[in-house]
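Architecture at a glance
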Amino acid sequence: MDNEKVGVSIQDAKGVWVFAEQREGKVMNIAFELLGEGSKLAKDLGVELSAVLMGDNVDGNIKDLFAYGADKVYFVENAELKDYRTEPYTEMMNQLIKEYKPQIVLIGATNIGRDLAPRVAGRVRTGLTADCTQLTIDPETTNLLQTRPAFGGNLMATIICPESRPQMATVRSGVMKKKEPDYNRTGEVITASYDKSTKVRTVVKEIVKEAGRAVNLEEAKIIISGGRGLGGPEGFEILEKAAEVLGGVVAASRAAVDSGWISAKHQVGQTGKTVHAKIYIACGISGAIQHLAGMQNSELVIAINKNPAAPIMQIADYGIVGDYKNILPLLIEEIKYVNS
Ligand code: FAD
């Protein structure tokens, strides 16, 4: 590659960075998950792990970043950085990367991360692998091996970025595991100043939260999920009742979401959320590889399906063959009885 075009030279690049995404002043869980993964990479490379925290009045989060594994925090505080906006965040990351030269930058594949990561990669002229499910270091070359599903989830591709630095990857929430926090850990804070000449063409006037109950599938312990086999939106009403008695949340396959029976924020799978439930109950879901990609790390999978040969039955710990409309009401009554 033309050396002129390289943002950070390979020889100079050192350290693993995690973008500590914050919303309303609070660092999101994804940052702690990335720190958990980043600390393994940093250890394998024998380098420091750093978090990049930007915002306004966000210094209260620094201790958490150290507790979850950061050795260093690059900290930028300015009113312009209060809420995420593309231009100031991209410019600040660009400046920090060019000045401090990390070899790896990890960003959450959240709505914010999906906006920020490609812009930063473009600015610093490096590559970006989105939605990685595994990150390891090649012991021979020290390149970051970035693995992600490809070709509709039919194969896993391992991607490298051998000619430019930093090596940038995004990871979805729930894919990596955070470490147990250790509040005895501290580290170095490097305070950088915001460049007031940054051209910002957007103003956040108001943040309007989507109406309706928030769904936190990534952290749910019990999930009851519905697919095309539910036959219509009314099927999700039965699932809601079951979720209520089980103390769980409702999820869905893409087929159910695409049919308009439930909103996309409930989707589990390759293009939805990745979950690690203690109990995952799949109702009327066939078990396509793209769905399994998001739920197969659940501890106990129960499948309710009319078809005993549905692929979901192969990964289920318990398979119940039959119509969910008959089975779920029985299950709800039984749980109510046990709980009474
Ligand atoms: P179907 O495959 O149609 O299965 C319905 C099941 O319901 C069948 O097994 C049937 O036996 C059973 N059934 C029918 N009636 C009843 C009843 N009354 N009681 C009990 N069981 C019944 N899919 C995802 O889920 N998440 C993703 O993130 C995702 N990403 C994708 C990304 C790409 C690039 C592509 C190409 C596809 C993706 N898909 C995803 C789609 C995926 O390939 C499947 O099409 C989808 O998961 C099928 O959903 P389903 O299991 O609900 O429907």
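As the structure is a computational prediction, the values presented were derived from the model and not from experiment. (Residues numbered from 1 in each chain as written. Predicted model: local features only at pLDDT ≥ 70, side-chain atom pairs only at ≥ 80, totals over all residues. Heavy atoms only, no water.)

1. Digging into the overall build of the protein
For the protein, the helix and strand inventory stands at 9 helices and 17 strands. Here the protein, with 340 residues, has 51% of them falling under the buried criterion. Considering only intrachain contacts with a sequence separation of at least 6, the fraction spanning at least 24 residues in the protein is 64%. (Helix = DSSP H or I, 4+ residues; strand = E, 2+ residues; numbered from the N terminus. Buried < 20%, exposed > 50% of the residue type's maximum accessible area, 1.4 Å probe, protein only. Contact = heavy atoms within 4.5 Å.)

2. Here's the deal with helix α1 (residues 29-45)
For α1, spanning 17 residues, the distance from its first C-alpha to its last is 24 Å, which sits close to the expected 24 Å at 1.5 Å a residue. The buried fraction of α1 amounts to 14 of the 17 residues, a majority that puts the element mostly inside the structure. Phi turns positive one or two residues past the end of α1, at Gly 46, with a value near 70°. (Expected span 1.5 Å × (residues − 1).)

3. Considerations on the site of the ligand
In the region of the ligand, 27 residues are neighbours, and Arg 228, Ser 253, Thr 271, Ser 286 and Asn 305 sit closest. Between the ligand and Gln 267 there is a distance of 2.8 Å, counted from an oxygen atom to a side-chain nitrogen or oxygen. In this structure, an oxygen atom belonging to the ligand sits 3.0 Å away from a main-chain N or O atom of Gln 270. Looking at the shell around the ligand, the elements with two or more residues in it are α6 (254-258), α7 (289-295) and β16 (300-305). Grouping the constituent residues of the shell around the ligand by class yields 7 nonpolar, 16 polar and 4 charged. (Near = heavy atom within 4 Å. Polar contact = N/O pair within 3.5 Å; in protein donor to acceptor, adjacent residues only side chain to side chain. Nonpolar A, V, L, I, M, F, W, Y, C, P; charged D, E, K, R; others polar.)

4. Focus: the confidence of the model for the protein
Predicted confidence across the protein gives a mean pLDDT of 93, with 96% of residues reaching 70 or more. Scoring the predicted complex yields pTM 0.69 and, for the interface, ipTM 0.99. (pLDDT = per-residue confidence, 0-100.)

5. Some details on the sheet that holds strand β10 (residues 155-159)
Pairing is antiparallel in the open sheet, where 3 strands are placed in the order β8-β9-β10. Lying at the two open borders of the sheet, with one neighbouring strand each, are β8 (134-137) and β10. Ignoring which end each strand starts from, the neighbouring axes of this sheet average 25° apart. Note: strand β9 (residues 144-150) against β10, 5 bridges, orientation antiparallel. Looking across to β10, one finds that Gln 146 is bridged to Ile 159. Of the strands in this sheet, β8 and β9 are in contact with α1, which crosses β8 at around 15°. (Pairing = 2+ DSSP bridges. Axes fitted to C-alpha atoms, helices over the stretch in contact; angles between N-to-C directions.)

6. Regarding unusual backbone geometry
Here Arg 165 and Pro 166 are connected by a cis peptide whose omega angle stands at 0°. Structurally, Pro 166 can be placed in the loop between β10 and β11 (167-171). Within the chain, Glu 24 stands out as a residue other than glycine whose phi angle is a positive 50°. Its place among the elements puts Glu 24 in the loop between β2 (22-23) and β3 (26-27). Backbone geometry at Asp 131 places phi at a positive 55°, although glycine is not the residue there. Following the sequence through the fold, Asp 131 ends up in the loop between β7 (128-129) and β8. Here Asp 131 falls in the buried class, since its relative accessible area comes to 13%.

7. Considering the sheet that holds strand β12 (residues 188-191)
Ordered in space as β7-β11-β6-β1-β4-β5-β12, the 7 strands form an open sheet in which the pairing is parallel. Either end of the sheet is taken by a strand with one partner, and the two such strands are β7 and β12. Where strand β6 (residues 104-108) meets β11, 5 bridges bridge the pair, whose relative direction is parallel. By the bridge assignment, Leu 106 is partnered in β11 with Ala 169. Contacting β1 (16-19), β4 (49-55), β6 and β11, α1 runs over the sheet at an angle of about 175° to β1.

8. Comments concerning the pattern of salt bridges
This model, assessed by the stated rule, comprises 14 salt bridges. The partner of Asp 131 in a salt bridge is Arg 114, and the shortest N-O contact between them spans 3.5 Å. A residue pair is termed long-range when its members are at least 10 positions apart, and Asp 131 in the loop between β7 and β8 and Arg 114 in helix α4 (residues 111-123) qualify at 17 residues. Residue Arg 119 is joined to Asp 115 by a salt bridge in which the shortest nitrogen-to-oxygen separation is 3.5 Å. Of this pair, Arg 119 and Asp 115 are both found in helix α4, 4 residues apart, which corresponds to roughly one turn of the helix. We classify Asp 115 as partly exposed; its relative accessible area is 21%. One network of salt bridges, with partners in common, ties together Arg 114, Asp 131 and Arg 172. (Salt bridge = Lys/Arg side-chain N within 4 Å of Asp/Glu carboxyl O.)

9. Description of the nonpolar core
Val 16, Leu 35, Leu 53, Leu 65, Val 73, Leu 106 and Leu 135 are the most contacted members of the largest nonpolar core, which has 34 residues in total. Elements represented by at least two residues in this core include exactly β1, α1, β4, α2 (62-67), β5 (72-77), β6, β8 and β11. Here this core gets 8 residues from one element, more than from any other, and that element is α1. Excluding its chain neighbours within four sequence positions, the residues that come into contact with Leu 106 are Trp 17, Val 18, Phe 19, Leu 34, Gly 38, Leu 41, Leu 135 and Ala 169. Membership of the second largest hydrophobic core comes to 27 residues, among which are Val 8, Val 52, Met 54 and Tyr 74. (Core = buried A, V, L, I, M, F, W, Y, C linked by side-chain atoms within 4.5 Å.)

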